[in-house]
Amino acid sequence: MRHSICILLACGLIMAVMLHLSVKETPLDIPVIYVITPTHTRPTQKADLTQLGNTLRQVPNLHWIVVEDADFKSPLVAKFLLNLRISYTHLNVPKPDYCKSGCVARGSEQRNLGLDWLRRNRGPLDSGVVYFGDDDNTYDLEVFEEMRYTKHVSVWPVGLIGSRRYERPLVRDGRVVSWYTRYPGRRFCTDMAGFAVNLNLILANPEARFNLKGAKAGMQESDFLSKITKLEYLEPRANNCTKVLVWHTRTEKASLHEHVTENVDIEV
Ligand SMILES: *[C@@H]1O[C@H](CO)[C@@H](O)[C@H](O)[C@H]1NC(C)=O
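Everything numeric here is computed off the predicted structure, so don't read it as measured data.

**Student:** Please set out the overall build of the chain residue by residue, giving values where relevant.
**Tutor:** Looking only at helices and strands, the chain features 8 helices and 12 strands. Taken over 268 residues, the chain has a buried fraction of 46%. The long-range share in the chain, meaning contacts at least 24 apart out of those at least 6 apart in sequence, stands at 75%. With an accessible surface of roughly 15,500 Å², the chain has 56% of that area assigned to carbon and sulfur atoms.

And the structure:
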C-alpha cells in the first residue's frame, strides 16, 4: 500500500516537472513573431489597440512593436501596453514635416523605426518573423501560426480590400503565379496585412525600408517587397491562399459632433 502511494507521488512529481518544463520551454523553441504596429492619436485609438491587444495576447512567443506617430510617447499607449502584460517595445517618431498635410504612405516612418529597432536589437542567431499589423484590422489567430515558420517571405489573402470581398495571390502547383486584385500593375499586389518576412531577411537587407518621399499610393508594399524578394520565392500560406484569415475592417470614424463639457474624472 505504502509502496504504491510512493510510486503515485513519484509519478505526480515527474509529471509536474514535465508540465512545468513544457510550459516554460515551448516559447523558446518556436520562432518569435514580431508585429510592428504604427498608431496615431484619435478617438478610437484605445478601442482599436484593445481589440488588437486582446488578439495578440493569445499568440505565444510574440513581441509587439508599437510605434506612435508622435513627438512623445503618450501616457495612453504607455499605460495600455503596461497593463496588457505581453512582451513589447514602445517607440515613437513623428511624421516628417512634408507629410503633415497628408502623405500617401501613412505609417511608413513608424514601420521603418520598427525595422531599425529590430536591426539594432536582434542578430542572425535570433529566429523570428516580422509582420506589419495595423491596429484597425481583424486577425484570425490562425494567421499567426501560418506565418510563424516563414523561411523567406510568406503571403496569403486579405479580406475586405480594394472594394472586393478579398484580394489574394493566385497559386499554381504550390507557387504564386499572379494576383487577384482590383489594382494590377504592381509587382506584388498585396496589402500590408497579407505578408510576413523572415527576421534574418530583414537583418540582411538594411536597405529594405518604406519610401516616404515620392511614394505612390498603394505602392508601399510592392516597393518594399521588390527590394527583398521575387515572385517565385513567395511561400503561399492559408491553404495555398484559399482562406481569408485577416480582414481590412477599419474602424468607423467616431462622430463626436456634440460640443459638451466633458467630465474630468473619466479615463477614455
Ligand atoms: C498546395 O498545392 C500543392 C500543389 O498543388 C500541394 O502539393 C500542397 O499540398 C498544397 N498545400 C496545401 C496546404 O493545401
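On we go.
**Student:** Please set out the UniProt feature "active site" (unreviewed entry) in the chain residue by residue, giving values where relevant.
**Tutor:** Within this structure's numbering, the places UniProt gives as "active site" (unreviewed entry) are Glu221. Residue classification places glutamate 221 among the buried positions, given a relative accessible area of 8%. Apart from residues no more than four positions distant in its own chain, glutamate 221 is found in contact with Thr190, Asp191, Met192 and Phe195. At 3.0 Å, the side chain of glutamate 221 and the backbone nitrogen of methionine 192 are in polar contact.

**Student:** With reference to specific residues and values, describe the packing of aromatic side chains.
**Tutor:** The final tally for this structure, using the stated rule, is 12 aromatic pairs. Measuring from centroid to centroid gives 5.7 Å for phenylalanine 132 and phenylalanine 224, while their planes differ by 90 degrees, and the two rings are edge-to-face. Of this pair, phenylalanine 132 sits in strand S4 (residues 128-132) while phenylalanine 224 sits in helix H7 (residues 220-226), placing them 92 residues apart in sequence. Residue classification places phenylalanine 132 among the buried residues on the basis of a relative accessible area of 0%.

**Student:** So, the site of the ligand: which residues are in play, and what are the values?
**Tutor:** What surrounds the ligand is the set Asp173, Gly174, Asn239 and Asn240. Here an oxygen atom of the ligand and a side-chain polar atom of asparagine 239 are 2.9 Å apart. At 2.3 Å, a side-chain N or O of asparagine 240 approaches an oxygen atom of the ligand. Starting from 360 Å² of accessible surface for the ligand in isolation, the protein chains cover 35%. The residue inventory of the shell around the ligand, partitioned by class, reads no nonpolar, 3 polar and 1 charged.

**Student:** How would you explain the sheet that holds strand S2 (residues 62-68) if you had to name every residue and give the values?
**Tutor:** What the 7 strands build is an open sheet, ordered S3-S2-S1-S4-S10-S6-S11; its pairing is mixed. What marks the edges here is a single partner per strand, and that holds for strand S3 (87-92) and strand S11 (235-236).

**Student:** Please give an account of the nonpolar core that cites residues and values.
**Tutor:** Counting residues in hydrophobic clusters, the biggest one holds 33 residues, and the most contacted among them are Val130, Phe132, Phe195 and Phe224. Sequence-distant contacts of phenylalanine 132, defined by excluding residues within four places in its chain, comprise Ile36, Arg111, Leu115, Met192, Ala193, Phe195, Phe210 and Phe224. Residues Leu49, Leu56, Val129 and Phe144 belong to the second largest nonpolar core, which totals 28 residues.

**Student:** I'd like a description of unusual backbone geometry, backed by residues and values.
**Tutor:** Here the phi dihedral of asparagine 240 falls at roughly 55 degrees; this positive angle occurs in a residue that is not glycine. Secondary-structure assignment places asparagine 240 in helix H8 (residues 238-241). In the Ramachandran plot, arginine 250 falls in the positive-phi region, its phi being about 60 degrees despite a non-glycine side chain. Here arginine 250 falls in the exposed class, since its relative accessible area comes to 56%.

**Student:** Give me the lowdown on the side chain of serine 108, citing residues and values where you can.
**Tutor:** Looking at the element boundaries, serine 108 is found in helix H4 (residues 108-121). The buried category is assigned to serine 108, whose relative accessible area is 1%. Here glutamine 220 takes part through its side chain, which lies 2.4 Å from a polar atom of the side chain of serine 108.

The rules we used
- Residues numbered from 1 in each chain as written.
- Predicted model: local features only at pLDDT ≥ 70, side-chain atom pairs only at ≥ 80, totals over all residues.
- Heavy atoms only, no water.
- Helix = DSSP H or I, 4+ residues; strand = E, 2+ residues; numbered from the N terminus.
- Buried < 20%, exposed > 50% of the residue type's maximum accessible area, 1.4 Å probe, protein only.
- Contact = heavy atoms within 4.5 Å.
- Areas by Shrake-Rupley, 256 points an atom, 1.4 Å probe, with all protein chains shown as cover.
- UniProt positions renumbered as here; feature names shortened; annotations may be inferred.
- Polar contact = N/O pair within 3.5 Å; in protein donor to acceptor, adjacent residues only side chain to side chain.
- Phe/Tyr/Trp six-rings, centres within 6.5 Å; stacked < 30°, edge-to-face > 60°.
- Near = heavy atom within 4 Å.
- Nonpolar A, V, L, I, M, F, W, Y, C, P; charged D, E, K, R; others polar.
- Pairing = 2+ DSSP bridges.
- Core = buried A, V, L, I, M, F, W, Y, C linked by side-chain atoms within 4.5 Å.

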